[in-house]
Amino acid sequence: MNQLNCSFLLKPLEPLYFGGPSSFGAGEKHIGVSEFPPTPFAFQGLVRSHLLRSAQDPMLDLNDWSDAAKTERKKLVGEPDALPDGWQIQGPFPACLETHKDEFGFNDTYSSPWVPAPRFLLQHHSGPLHARPIDTGHPGINDLETGSTPKRLLLLGRPEKNALSPIGGWIGPENFLFALAGDGVTNWQSNQYAEDFPPFIKNESQPGVAIDRETATAAPGKLYMLKARRFAQNAGLIGWFSGNTDTRIPTDLFSKGAAGAGRKGRVALFENSEIYHPDWKKVMAGRHLPDKVNENDAFWLVAVTPVRLNDPTVPELNQLLPSGISLVVRGALTGPPVIVGGYQMATGRSRLNRPYLPAGSAWLFQLNGGEPQKRARVLQDLNNTNKLGPYEEGRFGFGHTFVGIGPQIKETEI
C-alpha cells in the first residue's frame, strides 16, 4: 500500500458547468446556471475517477461495465457511497496562486483558498462586524427555536450599529482569519471580499441548441443558454486527499494529469499545491485558538462546506466529545437550505435530492465540564475537520468545520 497525504489544485482550462439537482430540458428551460462551487459529491467523483485513470500494471478500461470490472474498481476506490477505510477527501474550495517576495527578496508562491463568509459577519458601511449577544430590547437574529430552549437562547446582532444582516459572499484567507480570530484582533481587507464570486472567477454565457438525433440538425424551439464559470489562468479548485492506496496507483498522481470536469468533461489539470497563504496556515493549524478555555467563553463553529443535519439548529458531532465535557449551543445562524443531489456514475442512478445547510452556517457554543486545557483540546479537535453530519458524507468533504473566537457572554449559568 502507498500512503498519500497531499493537497492539489484542479485548474480548469475551459469554463466549467455543474448542473443542479433538478433536470434541465432544452426548450422547457432556457437558462441554466452552474452550481458554484461543485458539491463534495461531484468533487470526490473527480478525485476517485482520477485515481482509477492513474492505475497501472495493468491500466483500467473505464468503459468496461462488466461485474468483474466494477468489482475491481470498488477494490481500488471504494463503494459509490463510501470511501475505503482511512480515506478522507476535503474540498473543493476556489483558490488562486499568488506570488509575493519573502524576507530575503525571493519570489514565494502559495495557494490562497476562498470560503463562503460566516453568517456571523454582519453588514456595516465601515466594514463587517462580528455578531454579539443582545442584552437589551433591541431586535436580534437567531435560528434556534425560542420556545424550546429559552434559557440557552441568545439573540445576536449589532443593533446599535444597525447591523443585523450577514454579508454573504466570499472571503479570502486574510478575512477568514479576521472572522475566526475574534472581534478587533485583525483588520478587514476589502480586496479579500467578493459579493458573488472570488475575483479570479467570472461568469461566461454559453449559447446552445438541442440536436435532433434523427436528422442531426437543430431541433426547433430548443435554444438554451448556460452560465458557466471561467477561472483565471492561475486559479482553480483546491482539495486534499489522505489515505492508503493500492500500489497500482502512483504516489504523484495529484501533481500531474488531466481530468474531465463538469458538463461535457471540460479539461482540467491536476497540480501539486502544498504551500498555502500564511493566514490560511494559521487557521488550519488552529493557532488563533486559546490554550485554556473557561466555561463562560464562547466560540463559533463554522461549516465551510454544506452539511446535512437532522436538526439544523444543533450541530451533531459524529465523534463524541471527551468524557465529562458537553457542548451547549447558544445561537445558530444557518441560512436557507440548499438542495444537493447528484449522479452516481458507478450505478447509473441519481442520488436522492436532500436539503443541506449551506456553507457559511455558524453556531455559537460553549463548553461545559473538564479542565481548561482539556476544553481547549476540544476546540482543536473541531477545527479543520469533517465531523458534522453523516460519517461517510464527512469523508467525502461535507461538514468541514473551523472554530472561531466568539463574543463575550456575561452569564455563566447555562
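Quick caveat, the model's predicted, so the values are computed rather than measured. (Residues numbered from 1 in each chain as written. Predicted model: local features only at pLDDT ≥ 70, side-chain atom pairs only at ≥ 80, totals over all residues. Heavy atoms only, no water.)

(A) Structural detail: the packing of helix 1 (residues 40–54) against helix 2 (residues 67–77). Interhelical geometry of helix 1 versus helix 2 gives an angle of 110 degrees and a closest axis separation of 10 Å. Here helix 1 lies roughly perpendicular to helix 2, going by the angle between them. Pair helix 1 / helix 2 crosses with right-handed handedness. For the pair helix 1 and helix 2, contact is made by Arg 48, Leu 51 and Leu 52 and by Arg 73, Leu 76 and Val 77, respectively. A class-by-class count of the residues in the contact of helix 1 with helix 2 yields 4 nonpolar, no polar and 2 charged. (Axes fitted to C-alpha atoms, helices over the stretch in contact; angles between N-to-C directions. Helix = DSSP H or I, 4+ residues; strand = E, 2+ residues; numbered from the N terminus. Parallel < 35°, antiparallel > 145°, perpendicular 65-115°, else oblique. Left-handed = near helix turned anticlockwise from the far one by under 90°. Contact = heavy atoms within 4.5 Å. Nonpolar A, V, L, I, M, F, W, Y, C, P; charged D, E, K, R; others polar.)

(B) Fine view of the packing of helix 3 (residues 173–180) against helix 4 (residues 278–285). Close contact between helix 3 and helix 4 brings their axes to 7 Å; oriented N to C, the two are set at 40 degrees. The hand of the helix 3/helix 4 crossing is left-handed. Here helix 3 contributes Pro 173, Glu 174, Phe 176, Leu 177 and Leu 180 to the contact with helix 4, which in turn contributes Asp 279, Trp 280, Lys 282 and Val 283. A class-by-class count of the residues in the contact of helix 3 with helix 4 yields 6 nonpolar, no polar and 3 charged.

(C) Molecular detail of the sheet that holds strand 5 (residues 115–116). The antiparallel open sheet is built from 3 strands, whose spatial order is 5-10-11. A strand with exactly one partner marks an edge of an open sheet, and here the two such strands are strand 5 and strand 11 (193–194). Two strands pair when backbone bridges link them, and strand 5 and strand 10 (residues 170–171) are joined in this way by 2 bridges, in the antiparallel orientation. Paired with Pro 116 across the strands is Trp 170, a residue of strand 10. (Pairing = 2+ DSSP bridges.)

(D) The arrangement of the pairing of strand 23 (residues 362–368) in detail. Most of strand 23 is tucked away, with 7 of its 7 residues classed as buried. Of the pairings in the sheet, the one linking strand 17 (residues 299–303) to strand 23 comprises 4 bridges and is antiparallel in character. Directly across from Phe 299, in strand 23, lies its bridge partner Phe 365. Across 7 bridges, strand 18 (residues 326–333) lies against strand 23 in antiparallel orientation. Note on strand 23: the bridge partner recorded for Ala 332 is Trp 363. (Buried < 20%, exposed > 50% of the residue type's maximum accessible area, 1.4 Å probe, protein only.)

(E) Structural view of the environment of Arg 287. Following the sequence through the fold, Arg 287 ends up in the loop between helix 4 and strand 17. Judged by its relative accessible area of 54%, Arg 287 is exposed.

(F) Inspection of the pattern of salt bridges at higher detail. Here the structure, examined in full by the defined rule, presents 14 salt bridges. A salt bridge links Arg 158 to Glu 160; its shortest N-O distance comes to 2.8 Å. Residue class for Arg 158 comes out buried when judged on its relative accessible area of 5%. For the salt bridge of Lys 256 with Asp 252, the shortest nitrogen-to-oxygen distance reads 3.3 Å. For Asp 252, a relative accessible area of 31% corresponds to the partly exposed category. The network of salt bridges with shared partners includes Arg 132, Arg 158, Glu 160 and Asp 183. (Salt bridge = Lys/Arg side-chain N within 4 Å of Asp/Glu carboxyl O.)

(G) Spatial organisation of helix 1. Counted at 1.5 Å a residue, the expected span for helix 1 with its 15 residues is 21 Å, and the 21 Å between its end C-alpha atoms agrees. Of all the 15 residues making up helix 1, 11 are buried; the element is thus mostly covered by neighbouring parts of the structure. Along helix 1, the positions that sit buried rather than exposed are Pro 40, Phe 41, Phe 43, Gln 44, Leu 46, Val 47, Arg 48, His 50, Leu 51, Leu 52 and Ser 54. (Expected span 1.5 Å × (residues − 1).)

(H) Up close: a nonpolar patch on the surface. On the surface, Leu 13, Val 267 and Leu 269 cluster together into a nonpolar patch covering about 220 Å² of accessible area. Looking at the secondary structure, you find Leu 269 in strand 16 (residues 266–272). (Patch = residues over 30% accessible without salt bridge, like charges linked within 9 Å, V, L, I, M, F, W, Y side chains within 5 Å. Areas by Shrake-Rupley, 256 points an atom, 1.4 Å probe, with all protein chains shown as cover.)

(I) Representation of the packing of aromatic side chains within the structure. Counted under the stated rule, the structure contains 23 aromatic pairs. Considering the side-chain rings of Phe 93 and Trp 240, the 6.0 Å spacing of their centres and the 65 degrees angle between planes classify their relative orientation as edge-to-face. With Phe 93 in strand 3 (residues 88–101) and Trp 240 in strand 14 (residues 235–245), this residue pair connects regions lying 147 residues apart in the sequence. A residue is classified by how much of its surface remains accessible, and Phe 93, at 1% relative accessible area, is buried. Ring centres 4.5 Å apart and planes at 15 degrees place the aromatic pair Phe 120 and Trp 300 in the stacked group. Here Trp 300 lies in strand 17 and Phe 120 lies in the loop between strand 5 and strand 6 (121–122), a separation of 180 residues in the sequence. Judged on exposure class, the residue Phe 120 and its partner Trp 300 are both buried. What links up through ring pairs into an aromatic cluster is the set Phe 8, Phe 43, Trp 87, Phe 241, Phe 254 and Phe 270. One cation-aromatic arrangement involves Arg 73 over Trp 65; the distance from NZ or CZ to the ring centre is 4.6 Å. Geometry around Phe 41 places Arg 351 over its ring, the cationic atom sitting 4.1 Å from the centre. (Phe/Tyr/Trp six-rings, centres within 6.5 Å; stacked < 30°, edge-to-face > 60°. Lys NZ or Arg CZ within 6 Å of the ring centre and 35° of its normal.)

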